[in-house]
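Notes for the structure review
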Amino acid sequence: MGEHFDILIVGGGHGGAQAAVALRQRKFAGTIAIVGDEPELPYERPPLSKDYLSREKEFERILIRPASFWADKEVTMLLGRRVTAVDPAAHRVTTADGATIGYGALIWATGGSPRRLTCDGHDLSGVHAVRTRADVDRLMGELATTTRVVVIGGGYIGLEAAAVLSKLGKQVTVLEALPRVLARVAGEPLSRFYEAEHRAHGVEVRLDAMVAALVERDGAVSGVRLADGEVLPCEMVIVGIGIIPSVEPLLAAGAAGGNGVDVDAHCRTSLPDIYAIGDCAAHESHFAGGARIRLESVQNANDQATTVAKAITGEPAPYEAVPWFWSNQYDLKLQTVGLSTGHDQVVVRGDIAARSFSIVYLKQGRVIALDCVNATKDYVQGRALVLAGAAIAPERLADAAVPLKELATA
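Now for a quick tour of the structure. Predicted model, so just to flag it, every value in this text is computed and none were measured. Counting from 1, residues in each chain are numbered in the order their sequence is written. Residues qualify for local features only when their pLDDT is at least 70, as the model is predicted, and side-chain atom pairs are given and counted only at 80 or more; totals for whole chains, interfaces and linings, by contrast, use all residues. To obtain the side-chain values, all non-hydrogen atoms of the structure were used and water was disregarded.

1. As for the pairing of strand S24 (residues 345-351)
Regular strands place side chains that alternate from one sheet face to the opposite one. Whether two strands pair comes down to DSSP finding at least two bridges between them. In DSSP terms, a helix is any run of H or I states spanning at least four residues, a strand is any run of E spanning at least two, and both are numbered starting from the N terminus. Where S24 lies against strand S25 (residues 356-363), 7 bridges are found, and the strand directions are antiparallel. Each residue of the ladder has a partner; that of Arg349, found in S25, is Ser358. Here S24 hands over to S25 after 4 residues, with Arg355 in that stretch at a positive phi of 65°.

What follows is the structure in structure tokens.
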């Protein structure tokens, strides 16, 4: 028959780990197992492109919990095993080695796999993603023989990796296919600020840059050929062009979804006793005007895990958490609250040149999000404005001398 658990969590990232933690915090007494395709205990992902890559933190320091915690809480760890099929009727999953595991309820927390290049040379050695510990260890193992790095993709992962590698003395070029970095997640003032910061730190940032192929020498990457024929010589390529949600087994089993697996306000999929959380879960968000979105953030994974734990332990509460996010690059701490997608007005608060400022995003006159750079007070106080959908005149928001909390009560 194989093993059986009351709760089977597929995926050992932030969401999966937090689901087990939250269930035990809520006095769930049944059996719990986490089946994860990596050999490691659950660990934090954000440091991979930040302090783990820069060697400021050892791996043990980015574990979500020490090994003893999982033993104490009686959470069974089934590591290095990948779930390839789900049988919702039989309440059973099959792993890549052909074994089956039964469950009472299933929590799907698999995240996603890095989107790969499809051009010639995409599978050469020296081409890296930044998604797992193994990815970063492999990358770090090649740094000694690397002088020039090309980062493909000007999103947060690419920019964070570029910042660390330039601090490590590498010559770094960032290629972004769109007319600005961070184009999908931030307004133009923030994009232009980060482009200028990276250039000031010696990183070459190229916009509207289309990659045609990766160039090979002796089986390894030796350059990136652009669409116009120019070749940028390099010994390493880092690809940061997004993720593909890992939901094939659920969709094959009949779950509703497409870009991820669709979930309701309690993170339930359309299949019985199967929940989904984190990067792979497409949910309707009040903060996105009711649109169905996938949120790729630690906050979302953790908060959805708690939502599922509440549902399983008989105290259901819909997922309504305010989205937040952070990014560290050089000495800049970016903190974001809310979702800026669909904004129709941008207000800059403070002095961009002083490297401490906030960008407030409005939609139909109401605050929907803030990006705060080295401005933690705005981030903390701005949350209430996002929650309230506060209607505040742009000129008042722009006056950095007036604290946001005073505007919230005005």
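2. Quick notes on the side chain of Gln304
Here Gln304 is to be found in helix H7 (residues 298-312). Residue classification places Gln304 among the buried residues on the basis of a relative accessible area of 0%. Between two residues, a contact is recorded if the distance between any of their heavy atoms is within 4.5 Å. What Gln304 contacts, discounting residues up to four positions off in sequence, is Cys267, Ile277, Gly278, Ala281, His283 and Tyr319. Burial here depends on accessible area, computed with a 1.4 Å probe over protein chains only, as a share of the maximum for the residue type. Under 20% is buried, over 50% is exposed, and the range in between is partly exposed.

3. As for helix H8 (residues 376-388)
In an α-helix, one turn spans 3.6 residues; hence positions three or four apart end up facing the same way. Compared with the 18 Å implied by 1.5 Å per residue over 13 residues, the 19 Å span of H8 between its first and last C-alpha is a close match. Note on bend: the value at a residue is the angle between axes fitted to the seven residues ending there and to the seven starting there. A bend of about 35° at Gly382 is the largest found in H8. Turning to H8, its buried residues number three or more, namely Asp378, Tyr379, Gln381, Gly382, Leu385 and Val386. Within two residues after H8, Gly389 carries a phi angle of roughly 60°, on the positive side. Take the residue count of a helix, subtract one, and multiply by 1.5 Å to get its expected span.

4. Quick look at the sheet that holds strand S18 (residues 260-262)
A sheet is described by the order of its strands in space; here 4 strands give the open sequence S17-S18-S20-S21, paired in mixed fashion. Looking at the sheet topology across the chains shown, the edges are occupied by strand S17 (257-258) and strand S21 (292-294). In terms of strand pairing, S17 meets S18 through 2 bridges, oriented antiparallel. Paired with Gly257 across the bridge in S18 is Val261.

5. Describing unusual backbone geometry
The residue Tyr330 is not glycine, and still its phi comes out positive at about 55°. Mapped onto the secondary structure, Tyr330 falls in the loop between strand S22 (324-329) and strand S23 (332-338). Take Tyr330: its relative accessible area is 12%, and that puts it in the buried class. Located in the positive-phi region is Asn374, a residue other than glycine, with phi close to 45°. For Asn374, a relative accessible area of 29% puts it in the partly exposed group.

6. Regarding the packing of aromatic side chains
Ring pairs shown here join Phe, Tyr and Trp side chains whose ring centres sit within 6.5 Å, with only the six-membered ring taken for Trp; geometry is labelled stacked below 30 degrees between planes, edge-to-face above 60, and tilted in between. Enumeration according to the criterion identifies 7 aromatic pairs in this entry. Centroid distance Tyr156 to Phe325: 4.9 Å. Interplanar angle 45°. Geometry classified as tilted. Of this pair, Tyr156 sits in helix H4 (residues 156-167) while Phe325 sits in strand S22, and the two are 169 residues apart along the sequence. For Tyr156, a relative accessible area of 12% corresponds to the buried category. According to the relative accessible area criterion, Phe325 is partly exposed, its value standing at 25%.

7. Remarks on the packing of helix H1 (residues 14-25) against H7
Interaxial angles span 0 to 180 degrees and are taken between N-to-C directions of axes, which are lines fitted to C-alpha atoms, for helices over the stretch in contact. H7 packs onto H1 with a crossing angle of 35° between their chain directions and a minimal axis gap of 8 Å. H7 is crossed by H1, and the crossing has right-handed handedness. Residues His14, Gly15, Gln18, Ala19, Ala22 and Leu23 of H1 touch H7, and the partners they reach there are Val298, Ala301, Asn302, Ala305, Thr306, Ala309 and Ile312. For this scheme, ten residues count as nonpolar: Ala, Val, Leu, Ile, Met, Phe, Trp, Tyr, Cys and Pro. Four count as charged, namely Asp, Glu, Lys and Arg, and the remainder, Gly too, count as polar. Its residues placed into classes, the contact of H1 with H7 shows 8 nonpolar, 5 polar and no charged. Helix crossings fall into two classes, left-handed where the near helix is turned counterclockwise from the far one by less than a right angle and right-handed where it is turned clockwise.

Everything listed is a geometric property; what it means functionally is a separate question.
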